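Working through the structure, step by step
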Amino acid sequence: GFLWIGKHYGLSRYDGREFRNFYHHVDDPSTLGDNIINAIDEDSDGNLWMALYNIGFCKMNPLNSRFTNYRSAGPGTLINEKVEALIVDRKNRIWLGTEEGISIFEPAKGNYINIAQFNPGQKPINVLCFSEDSVGNIWVGTKSDGLWMLPLESLKPILIATYSMVNSVKSI
């Protein structure tokens, strides 16, 4: 297997002996969409999904090293292009944490579920990290809104700890 490393300047694949590097090339849309990678996860088909610093997210097919880049195209698409956190859940949905909420991308359908806030009237949530537990619930760490859990089926957020209890949650 390979070790995939998202860096501040590109993506590296390490095979135990050598590195192969992948970079964004302005004139080639089949390359990495941005050179700053905030998070990487793998889906059940072996594709790599990456959160990009300021330009959305992308999928890499490791068999041919081609990238598919995803950006916001208005309502009903990616909620914000500055993607800080990413996780692929057991249903192969791509969870994207941004400074303006969560986008859940369903690759098989090509659609998004967007969650800007957990409570009516709340400012948009700034998501810093995700984790999936053993039963498929998604845990969400935020910059100033505490620690939340979204059950696998309902996606109705449950507050676990407030900001005053946990401050900014950067890793789960």
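Here, every reference points to the structure presented above.
Below or above, wherever it landed, is the structure these notes cover. As the structure is a computational prediction, the values presented were derived from the model and not from experiment.

**Considering the nonpolar core**
Counting 15 residues, the largest nonpolar core has Trp 95, Ile 102, Phe 118, Val 127, Phe 130, Val 140 and Leu 150 as the members making the most contacts within it. Discounting residues that sit within four places of it in the chain, Phe 118 has contacts with Ile 102, Ile 125, Val 140, Trp 148, Leu 150 and Pro 157. Formed by 13 residues, the second largest nonpolar core is a distinct cluster that contains Ala 39, Trp 49, Ile 94 and Phe 105.

**Some remarks on the pattern of salt bridges**
Scanning the entire structure with this criterion turns up 5 salt bridges. Put simply, Glu 153 and Lys 91 hold a salt bridge, and the shortest N to O gap is 3.3 Å. Of the two residues, Glu 153 is situated in the loop between strand E14 (147-150) and strand E15 (158-161) and Lys 91 in the loop between strand E8 (83-88) and strand E9 (94-98); the sequence distance between them amounts to 62 residues. Lys 91 gets classed as partly exposed once you look at its relative accessible area, which sits at 41%. With its nearest N and O atoms 3.2 Å apart, the salt bridge here joins Asp 145 to Lys 123.

**Concerning the sheet that holds strand E3 (residues 19-22)**
If you trace the 3 strands from one edge of the open sheet to the other, you get E1-E2-E3, paired in antiparallel fashion. Edge strands, defined here as strands with exactly one partner in the open sheet, are strand E1 (3-7) and E3. Averaged over all neighbouring strand pairs, the angle between strand axes comes to 20°, with direction disregarded. Where E1 meets strand E2 (residues 10-14), 5 bridges bridge the pair, whose relative direction is antiparallel. Residue pairing for E2: Ile 5 is matched across the bridge by Ser 12.

Procedures and definitions
Residues numbered from 1 in each chain as written. Predicted model: local features only at pLDDT ≥ 70, side-chain atom pairs only at ≥ 80, totals over all residues. Heavy atoms only, no water. Core = buried A, V, L, I, M, F, W, Y, C linked by side-chain atoms within 4.5 Å. Buried < 20%, exposed > 50% of the residue type's maximum accessible area, 1.4 Å probe, protein only. Contact = heavy atoms within 4.5 Å. Salt bridge = Lys/Arg side-chain N within 4 Å of Asp/Glu carboxyl O. Helix = DSSP H or I, 4+ residues; strand = E, 2+ residues; numbered from the N terminus. Pairing = 2+ DSSP bridges. Axes fitted to C-alpha atoms, helices over the stretch in contact; angles between N-to-C directions.

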